[in-house]
Amino acid sequence: MREKALALFLLALGLFLLPLGLLFRQAQGPWGLPPLYLYLYGAWALVILLAFLLFRRP
């Protein structure tokens, strides 16, 4: 369990510490939304979903 929690932490750290300005140079993404916001909310949702799956009780 501790190894999975550490892996989740390292995944979240890697997702949020990337040089995000270098990844998203386009001003408009799909549906007219900025791609940076889509990435941040998508990564946040992924980390929350993985934490839920990791720490839920059977």
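Here is what the cut-offs are and how they apply
- Per-chain numbering applies: the sequence of each chain, read as written, is numbered from 1 onward.
- Selection of residues for local features in this predicted model requires a pLDDT of at least 70, selection of side-chain atom pairs for listing and counting requires 80 or more, and totals for whole chains, interfaces and linings are taken over all residues.
- The basis for every side-chain value is the complete set of heavy atoms in the structure, and neither hydrogens nor water enter the calculation.
- Only DSSP runs of H or I with at least four residues qualify as helices, and only runs of E with at least two residues qualify as strands; both kinds are numbered from the N terminus onward.
- Between buried and exposed lies partly exposed: a residue is buried under 20% and exposed over 50% of the maximum accessible area for its type, with that area taken using a 1.4 Å probe on protein chains only.
- In this description, contact between two residues means that some pair of their heavy atoms is separated by no more than 4.5 Å.

Draft legend 1. Here's a closer look at the overall build of the protein. From N to C terminus, the protein includes three helices and zero strands. Going from the N terminus to the C terminus, the protein shows its helices and strands as α-α-α. Counting the 58 residues in the protein, one finds 16% classified as buried. For the protein, the share of sequence-separated contacts (at least 6 apart) that also reach a separation of at least 24 residues comes to 59%.

Draft legend 2. Structural context of the environment of Phe55. Relative to the elements of secondary structure, Phe55 occurs in helix 3 (residues 35–55). Classification of Phe55 as partly exposed rests on a relative accessible area of 47%. Measuring from C-alpha to C-alpha, the distance between Phe55 and Lys4 comes to 9.8 Å, with 51 residues separating the pair along the chain. Excluding anything up to four places from it in sequence, Phe55 contacts Met1 and Ala5.

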